[in-house]
Amino acid sequence: MHWINWVIVAGYLGYVVWDGLRRTKGTTTIEGYFLANRSLPWWAVGLSVMATQLSAVTLIGTTGQGATDGLRFVQFYFGLPVAMVILGVTLVPFLHGAKVYTAYEYLERRFDAKTRSLTSFLFLMSRGMSAGTIIAAPAVVFSAIFGWDMLWSVALIGIPTVLYTVVGGVQAVTWADVKQMVVIVGALAAIVFVLLTKLPVPIDDALRVAGAAGRMKVFDFSFTLTETYTFWSGVLGGTFLMLSYFGTDQSQVQRYLTARSVDEARSSLLMSAYWKIPLQAVVLLVGVLVFLFYTFVRAPLLFNPAHEQAVRAADPSAYAALEAQATAAAESRDLAARDVSASRDARDAVGEARALDAFRASNAALDSVRTTALARAAEVTGQSSRDVNYIIPRFVLDQLPLGLAGVFLAAVLAAAMSSIAAELNSLSTSTVVDFYQRWVKPDGDDAHLLFVSKLSTALWGVFACVVATYAATLGSLIEVVNRFGSFFYGSILGVFLLAMLPRARALGAFVGLIAGMSAVAAVSFGLPKVSFLWHNVIGAVTVVAVGLVLSLGRPSAAATSQR
Amino acid sequence: MTPPSRFRRTLVQVMTMQVVALAVLWLLQSRYAG
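Now for a description of the structure that goes with this document. (Residues numbered from 1 in each chain as written. Chains lettered and ligands numbered in written order. Predicted model: local features only at pLDDT ≥ 70, side-chain atom pairs only at ≥ 80, totals over all residues. Heavy atoms only, no water.)

## A short note on the packing of helix H1 (residues 3-22) of chain A against helix H9 (residues 150-198) of chain A
Residues and elements named next belong to chain A. What counts, and what does not: Lines are fitted to the C-alpha atoms to define the axes, a helix being fitted only along its stretch in contact, and any angle between axes, read from their N-to-C directions, falls within 0 to 180 degrees. Counting from the N terminus, the helices are the DSSP runs of H or I reaching at least four residues and the strands are the DSSP runs of E reaching at least two. Angular relationships are summarised with four words: roughly parallel below 35 degrees, roughly antiparallel beyond 145, roughly perpendicular across 65 to 115, and oblique for the angles in between. Should any heavy atoms of two residues lie within 4.5 Å, those residues are counted as being in contact. Asp, Glu, Lys and Arg are counted as charged, while Ala, Val, Leu, Ile, Met, Phe, Trp, Tyr, Cys and Pro are counted as nonpolar; the rest, among them Gly, fall into the polar class.
Interhelical geometry of H1 versus H9 gives an angle of 100 degrees and a closest axis separation of 7 Å. One finds that H1 runs roughly perpendicular with respect to H9. In this structure, H1 uses Tyr12, Leu13, Tyr15, Val16, Val17, Asp19, Gly20 and Leu21 to contact H9, whose residues at the interface are Leu156, Pro160, Leu163, Tyr164, Val167, Gly168, Ala172, Ala176, Lys179, Gln180 and Val183. In terms of residue class, the contact of H1 with H9 is built from 14 nonpolar, 3 polar and 2 charged.

## Considering helix H21 (residues 506-525) of chain A
For clarity, the cut-off: Expected span, for any helix, means 1.5 Å times one less than how many residues it has. Think of it in three bands: residues with accessible area under 20% of the maximum for their type are buried, residues over 50% are exposed, and the middle band is partly exposed, with areas taken using a 1.4 Å probe on protein chains only.
The terminal C-alpha atoms of H21 of chain A, which comprises 20 residues, lie 29 Å apart, in line with the 28 Å expected from a rise of 1.5 Å per residue. All buried positions along H21 of chain A are accounted for by Ala506, Gly508, Ala509, Gly512, Leu513, Gly516, Met517, Ala519, Val520, Val523 and Ser524 of chain A.

## What about unusual backbone geometry?
All names here are of chain A. One non-glycine residue, alanine 36, lies in the positive phi region at around 50 degrees. Alanine 36 sits in the buried class, given a relative accessible area of 0%. The backbone phi angle of arginine 347 is positive, close to 55 degrees, even though this residue is not glycine. Owing to a relative accessible area of 78%, arginine 347 belongs among the exposed residues under this scheme.

## A short note on the pattern of salt bridges
Defined as follows: Think of a salt bridge as a Lys or Arg side-chain nitrogen and an Asp or Glu carboxyl oxygen that are within 4 Å of each other.
The full count for this structure, using the stated rule, is 25 salt bridges over all chains. Shared partners join several salt bridges into a network, and the residues in it are Asp204, Asp205, Arg208, Arg344 and Glu352 of chain A together with Arg31 of chain B.

The structure is reproduced here in structure tokens:
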């Protein structure tokens, strides 16, 4: 990469760290460190909520998914707006009004200490590991693209993030998120502009070609529980997933607990309700435009340069033969796509239909060659080929004008850092407030707790970096933890739903939580097999049903006292 | 404004925006994915 791009990346990293370090105002108490003294404006909190959810995987993986699979992934977010409105009138006033530090703290007030500790422990376990994977995902791509050791890639992302999160607390995290969202949206807009100028045919014709390759299909109305991305799984399963994520995950709850008032907290969530689907559609559209770009310009057979080298070295003549087949298919695809445009210009409907058929045939041929190459890569390297994650980075480095590649790389770092910083901040909050202050040092003064909070943030940061560095070795362990994480996401939502029902009792909540997790485990490992988006629905409904049955009879003391 | 009326108003505003977003996506699909 050109040195000017590196200067842009270094300048951006330096600015984020400097800005984070100077935002130590109000961090002499743990309320300032963890909640910014509940003083932040709704728009900053709203951007922080969006930045936290938008990770480097979104910029690298989701755009790549747009290139290979089209727009249909946007259905995943169809439940988000409804979830945000529901949270705005249910959990947000409960949690903000209760003046808690963590979502789980509220559960002790409503139920008992063991329900709080169990939910908080589950959060720490899953999020602690996922913080590592959030660093690892872009670090793996950087290592493959630039040929760096994994340790350096992790250090580039991890060290600045840990530094400003430890020193500045939630103020640094939130204000860095605001700038990071600006960089991310700006980079996406610039890439869309560049891609549109690089297409050799009018955009209307190009999108017709993308449609012929299946990239413009958005809606799938089939109702099948095993298919992940359908309209119904997005609307129903997605609503429960988003309710769980934004309502009970401390990394998100902590964002809106920093807002000045309940109304401002609500408004911050509504920013996502309004803009998440359009933003996600743009992210996927970038991928579709990159697919179109590579329809007219020769693309590498494998986008992961490390895998490309390995497969070529293993059998040079076999790989050369595959490349020749791919070139032939790509050339006929290019010609067919240009024919589509020419036929549309000439208003020749028959010619257009014939050209579209030729395009589909050559596109299928190219896909077949690519599938063979990916299988070879998996055989040779022993790793599952995540080639989709390398499409956008290769395009950015090979094709974007000088300077813009640096801006995009800064945007990827920004997306990674904003998600990791929120994770570290929330992990530290739960560790200190739900465990250290609750069980070890209830009478600790602010100075002591602030010191422990910074130490805890630093330790979680080191843990995340170690997990990220050894992500490849820990692959199966991380998968198990992530899978286990999906067992309790919906179940924790069920406990919070129970908390809002006056008749629910502590025993019902605790046993219901375990029953909900068991139900999700049953459909994950046993029968009937259902897609993960439905797990949250199953978990939440089971917890509420079991919790209510066990709570039949006398109302709980907490519920009685609340009335 | 009472909480239920505020909820209704917010829900209507958010859902209006979503209907517009989904309509745009639907138009894109029907124009280009056929």
